[in-house]
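# Inside the fold
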Amino acid sequence: MLVAADYPFLSVLWTMLVFFAWVIWFWLLITCFADLFRRRDASGGKKALWVVFLILAPYLGVLVYLISNNEGMAERNNQQAQAQQAQFDAYVQTVASGGGGGAAAEIDRAKQLLDSGAITQAEFDQIKQKALAS
């Protein structure tokens, strides 16, 4: 109990606040570096200068980067989110449509061939049995 008396409650809250602020700042620093290396409009020299500035003056560098590149960061994040969504949608469509594999897809293709007259009922039954067996 002697230790608790040496570290009052307000000091605990202050320490937690400082730690939380440090975690937020560190997250912003990582975000700035990620955005910096994702940029296609900045040359290698410009990126190197930003890296040096972010390392030598980290607090000021993060704030300056966020203020000067906020619109570009938002656009790049939006483009990345749209690309990921389009990729996910394409994946879901390939899986939902059979994806070119599976017994159900093979039977469906055979049924289409049967309906178009390209194969006979016996051939359809044979394809169906083979698809169900595998």
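What you see is a predicted model, and the numbers here were worked out from it, not measured in a lab.

## So, the overall build of the chain
Each helix and strand in the chain was counted, giving 6 helices and 0 strands. The C-alpha radius of gyration of the chain comes to 30 Å, more than 25% above the 14 Å expected for a compact globule of 134 residues. For the chain, the spread of C-alpha atoms along the principal axes amounts to about 85 × 55 × 20 Å. Across the 134 residues that make up the chain, the buried fraction comes to 18%. Of the contacts formed within the chain by residues at least 6 apart in sequence, a portion of 38% connects residues at least 24 apart.

## Some points on helix H5 (residues 103-116)
Relative to the 20 Å expected for 14 residues at 1.5 Å per residue, H5 spans 20 Å between its end C-alpha atoms, a close match to the ideal helical length. Taken as a whole, H5 has its buried residues at Ala105, Ile107, Ala110 and Leu114. Of the residues trailing H5, Gly117 is marked for its positive phi of about 90°.

## Quick word on the packing of aromatic side chains
Taken as a whole and judged by the stated rule, the model has 7 aromatic pairs. Between Trp25 and Tyr59, the ring centres sit 4.8 Å apart and the planes meet at 40°, which makes this aromatic pair tilted. Here Trp25 is found in helix H2 (residues 9-38), whereas its partner Tyr59 is found in helix H4 (residues 58-96), with 34 residues between them in sequence. Under the relative-accessibility criterion, Trp25 is labelled buried at 14%. The structure contains a cluster of three or more aromatic residues connected by ring pairs, namely Phe19, Trp22, Trp25, Phe26 and Tyr59.

## Concerning the side chain of Arg76
Along the chain, the position of Arg76 falls in helix H4. By relative accessible area, which is 13% here, Arg76 ends up buried. Beyond its immediate stretch of four places on either side in the chain, Arg76 contacts Asp35, Arg38, Arg39, Asp41, Tyr65 and Asn69.

## Regarding the packing of H5 against helix H6 (residues 121-133)
Between two packed helices, both the angle of their axes relative to each other and the distance between the axes serve to describe the pair. Following both chains from N to C, one finds H5 and H6 inclined at 175°, their axes separated by 9 Å at the closest point. One way to sum up the angle between H5 and H6 is to call them roughly antiparallel. Where H5 abuts H6, its residues Ala103, Glu106, Ile107, Ala110, Lys111 and Leu114 lie against Gln121, Phe124, Ile127, Lys128, Ala131 and Leu132. Considered class by class, the residues forming the contact of H5 with H6 number 8 nonpolar, 1 polar and 3 charged.

## Observations regarding a nonpolar patch on the surface
A grouping of Phe19, Trp22, Val23, Phe26, Ile30 and Tyr59 is seen on the molecular surface, where their side chains present a nonpolar patch of about 640 Å² in accessible area. The greatest single-element share of the nonpolar patch, amounting to 5 residues, is contributed by H2. Tracing the sequence through the fold places Ile30 in helix H2. On the basis of relative accessibility, which here comes to 47%, the residue Ile30 falls in the partly exposed class.

## Here we look at H2
For H2, spanning 30 residues, the distance from its first C-alpha to its last is 43 Å, which sits close to the expected 44 Å at 1.5 Å a residue. Those residues of H2 not exposed but buried are Trp25, Leu29, Cys32, Asp35 and Leu36. Against helix H3 (44-56) and H4 lie the buried residues of H2.

Rules used in this analysis
- Residues numbered from 1 in each chain as written.
- Predicted model: local features only at pLDDT ≥ 70, side-chain atom pairs only at ≥ 80, totals over all residues.
- Heavy atoms only, no water.
- Helix = DSSP H or I, 4+ residues; strand = E, 2+ residues; numbered from the N terminus.
- Rg over C-alpha atoms; globule rule 2.2 N^0.38 Å.
- Buried < 20%, exposed > 50% of the residue type's maximum accessible area, 1.4 Å probe, protein only.
- Contact = heavy atoms within 4.5 Å.
- Expected span 1.5 Å × (residues − 1).
- Phe/Tyr/Trp six-rings, centres within 6.5 Å; stacked < 30°, edge-to-face > 60°.
- Axes fitted to C-alpha atoms, helices over the stretch in contact; angles between N-to-C directions.
- Parallel < 35°, antiparallel > 145°, perpendicular 65-115°, else oblique.
- Nonpolar A, V, L, I, M, F, W, Y, C, P; charged D, E, K, R; others polar.
- Patch = residues over 30% accessible without salt bridge, like charges linked within 9 Å, V, L, I, M, F, W, Y side chains within 5 Å.
- Areas by Shrake-Rupley, 256 points an atom, 1.4 Å probe, with all protein chains shown as cover.
- Salt bridge = Lys/Arg side-chain N within 4 Å of Asp/Glu carboxyl O.

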